[in-house]
Amino acid sequence: MKIAIIGAGFGGLAAAYDMRKAGHEVVVFESANYVGGLASGFKEPHWDWSVEKFYHHWFQSDASMMGLIQELGLQDKVIFPRPLTVMYFNGKFYPFDSILNALRFPGLGFGLNKIRFGFVGLFLRLTNNWRALEKVTADEWMLKWAGKQVYEQMWKPLLIGKFGPFYKDVNMAWMWARIKARTTRLGTFEGGFQQFADSFAEKLREMGVEIRLGVPIKFIKQNQASGSLNVDVESFDKVLVTTSPSLMAKMCPDLPENYLKGLLELKSMGAVVMVLSLKHQLSEQGYYWFSLPKEAGFPLLALVEHTNFVSKDHFGGDHIIYAGDYLEVGHEYFSLSDEELLERFIPAFKRINPAFEKDWVKKVWVNKTNYAQPVPLVNHSKNIPAIKTPIDGLYFASMSQVYPWDRGTNFAVEIGRRAARIMLG
Ligand SMILES: Cc1cc2nc3c(=O)[nH]c(=O)nc-3n(C[C@H](O)[C@H](O)[C@H](O)COP(=O)(O)OP(=O)(O)OC[C@H]3O[C@@H](n4cnc5c(N)ncnc54)[C@H](O)[C@@H]3O)c2cc1C
């Protein structure tokens, strides 16, 4: 068979790997001039490692990703440093990356609330019944079982940060998936995620996969006479699309109305992430991940000091930080200039380190995407588009379909390989 894959993110690359291994002719079309999609990175001339455009790490439980890396023989390049993540309470940050630190965290007091926090966490780790949890919102469930203080201190800021105006609509299975599938140990690839994507693409090329970069596909249409699919002007037996649902709908307007409507009704949040190279370390305590509650007046959700995770020596001594937020498309952060956005974020940097001055900033890069985080509503499993579309030979695998899991490169690999299995029958 001659197979086209639209998108060279980790979903598309993983699907290409399995379909080529099964002996098929595979062409990957990618609109950007590089592979890696949302997990891609960039490099300054004096850096040895790349930095992801949007902060990325793996969890030890990312079995699909770790399994693929093992198959590719690249497991020696995966590292799991021990970075410190912190939570905010009453003007201070506290480590929150182990059971012991959770027990010490003063935000929950030391009595009943801590017990409720522990029991709710344990229940969510142990249960597999996410279908019951998707029937109710995380807001209702957490208020009932974790209680007002635990919910408002721990979980509500996360929901507000990730989903903004939709935070009360998100179902409890989303929260379950985060707690179930994540570990406190965080990993990365030596050289950065872009290094991994490039090594993977190189391996695919050696296997005979053709990867065409800088080729944005405009339409996919069925050729009624031959039954094949035209990808722009070239004909294929089967096509897998790995873009966002809205781009899929645009590319394939011949899909039946029901399927198209399903694609267009899926909600998602965008993201704006600023990467900064600094002359000095921001968090002198060496903290990596700061979860910042909007209610405490922070103008962003996540502040991540990448060089408190991997050494600054990989970046010619530069200190790398990310300042990011999940936002509704149309939010003003999407249209502010880099300079204006920096001015908004500076007060947050000063709250983390009062010595911070603007002249610490060597350079900033601002990355924006409309499609960063699917929003799972109550009974969301009914809304997930099938991988096999109603058009013969046309398949779709995206972040919006990895539900009940939350999006991530691990699940992009999982769904890419699942799509390949379905396509190969
Ligand atoms: C802010 C942020 C933080 C994240 N943090 C993490 C993390 O810590 N760990 C983690 O594992 N994951 C993280 N993720 C999620 C992870 O990046 C995604 O789940 C994963 O990269 C999705 O892969 P994909 O192949 O499904 O899609 P994508 O990576 O989006 O790939 C789709 C590809 O299709 C291409 N394309 C689009 N239109 C066309 C067209 N018309 N023609 C040809 N090509 C086209 C795009 O350029 C893109 O390369 C994060 C994402 C964001 C936004």
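Residues numbered from 1 in each chain as written. Predicted model: local features only at pLDDT ≥ 70, side-chain atom pairs only at ≥ 80, totals over all residues.

Undergrad: Which residues make up the domain arrangement of the protein chain, and what values do they have?
TA: In terms of domain boundaries, the protein chain breaks down into domain 1 (2–79 + 191–266 + 382–423), domain 2 (98–180) and domain 3 (268–374). Centre-to-centre, using C-alpha coordinates, domain 2 lies 26 Å away from domain 3. Listed as interface residues are 8 residues of domain 2 and, on the opposing side, 10 residues of domain 3. Residues of the side of domain 2 that touches domain 3, tallied by class, amount to 5 nonpolar, 2 polar and 1 charged. (Domains from an automatic or database assignment. Contact = placed C-beta atoms within 7 Å. Nonpolar A, V, L, I, M, F, W, Y, C, P; charged D, E, K, R; others polar.)

Undergrad: So what about the sheet that holds strand β8 (residues 92–95)? Which residues, and what values?
TA: Within a sheet, each strand pairs with its neighbour through backbone hydrogen bonds, oriented either parallel or antiparallel. Strand order across the open sheet formed by 7 strands is β8-β7-β16-β17-β18-β15-β19, with mixed pairing between neighbours. Two strands in the sheet have a free side with no partner beyond their single neighbour: β8 and β19 (361–374). For this sheet, the mean inter-axis angle between neighbouring strands, taken without regard to orientation, is 20°. Bridging between strand β7 (residues 84–89) and strand β16 (residues 287–291) involves 4 bridges; their strand directions are parallel. Opposite Leu84, over in β16, you have Tyr287 as the bridge partner. Against the sheet, helix α12 (residues 338–352) touches β15 (268–278), β16, β17 (302–305), β18 (319–327) and β19, its axis set at about 100° to β19. (Pairing = 2+ DSSP bridges. Helix = DSSP H or I, 4+ residues; strand = E, 2+ residues; numbered from the N terminus. Axes fitted to C-alpha atoms, helices over the stretch in contact; angles between N-to-C directions.)

Undergrad: Before we move on, can you summarise the site of the ligand with the specific residues and values?
TA: The environment of the ligand is made up of 36 residues, and the closest members are Gly7, Gly9, Gly11, Gly37 and Ala412. Elements supplying a minimum of two residues to the shell around the ligand: α1 (10–21), β2 (25–30), β15, β19 and α13 (409–423). Residue classes in the shell around the ligand are distributed as 18 nonpolar, 16 polar and 2 charged. (Near = placed C-beta within 6 Å.)

Undergrad: Tell me about the sheet that holds strand β1 (residues 2–6), and please be specific about residues and values.
TA: Strand order in the open sheet formed by 5 strands is β10-β2-β1-β14-β20, with parallel pairing between adjacent strands. The open sheet has two edge strands, β10 (210–213) and β20 (394–396), and neither has a second partner. In this sheet, adjacent strand axes meet at a mean angle of 15° when their direction is disregarded. On top of the sheet, α1 reaches β1, β2 and β14 (238–241); it is set at about 170° to β2, its chief contact.

Undergrad: I'd like to hear about unusual backbone geometry, residue by residue, with values.
TA: Residue Pro404 is bonded to the preceding Tyr403 through a cis peptide linkage, with omega at 15°. For Pro404, the position within the fold is in the loop between β20 and α13. Phi at Asn90 is positive, roughly 45°, even though this residue is not glycine. With respect to the element layout, Asn90 can be found in the loop between β7 and β8. Although it is not a glycine, Asn379 sits at a positive phi angle of roughly 55°. Note on placement: Asn379 falls in the loop between β19 and β20.

Undergrad: Just give me the short version of the packing of helix α4 (residues 112–126) against helix α7 (residues 148–163), but keep the residues and values in it.
TA: The geometry of a pair of packed helices is captured by two quantities: the angle between their axes and the separation between those axes. Relative to each other, α4 and α7 sit at 65°, their axes nearing to 9 Å. One finds that α4 runs roughly perpendicular with respect to α7. When the axes of α4 and α7 are compared, the crossing they make is right-handed. Judged by residue contacts, Asn113, Arg116 and Phe117 of α4 engage Gln149, Val150 and Met154 from α7. Classifying every residue of the contact of α4 with α7 by side-chain character gives 3 nonpolar, 2 polar and 1 charged. (Parallel < 35°, antiparallel > 145°, perpendicular 65-115°, else oblique. Left-handed = near helix turned anticlockwise from the far one by under 90°.)

Undergrad: Give me the lowdown on the environment of Gly227, citing residues and values where you can.
TA: By secondary structure assignment, the location of Gly227 is in the loop between β11 (220–222) and β12 (229–231). When the C-alpha atoms of Gly227 and Gly393 are compared, they prove to be 8.7 Å apart, with 166 residues separating the residues in sequence.

Undergrad: Any chance you could break down the environment of Lys92 for me, citing the residues and the numbers?
TA: In this structure, Lys92 sits in strand β8. Sequence separation between Lys92 and Gln149 is 57 residues, and the spatial gap between their C-alpha atoms is 18 Å.

Undergrad: Quick one: what's the story with the nonpolar core, residue by residue and with numbers?
TA: The biggest cluster of nonpolar side chains holds 130 residues, and the ones touching the most others in it are Leu13, Ala16 and Val239. Excluding its chain neighbours within four sequence positions, the residues that come into contact with Ala16 are Ile5, Val26, Val28, Leu204 and Val209. (Core = buried A, V, L, I, M, F, W, Y, C linked by C-beta atoms within 7 Å. Buried ≥ 20, exposed ≤ 12 C-beta atoms within 10 Å, placed from the backbone.)

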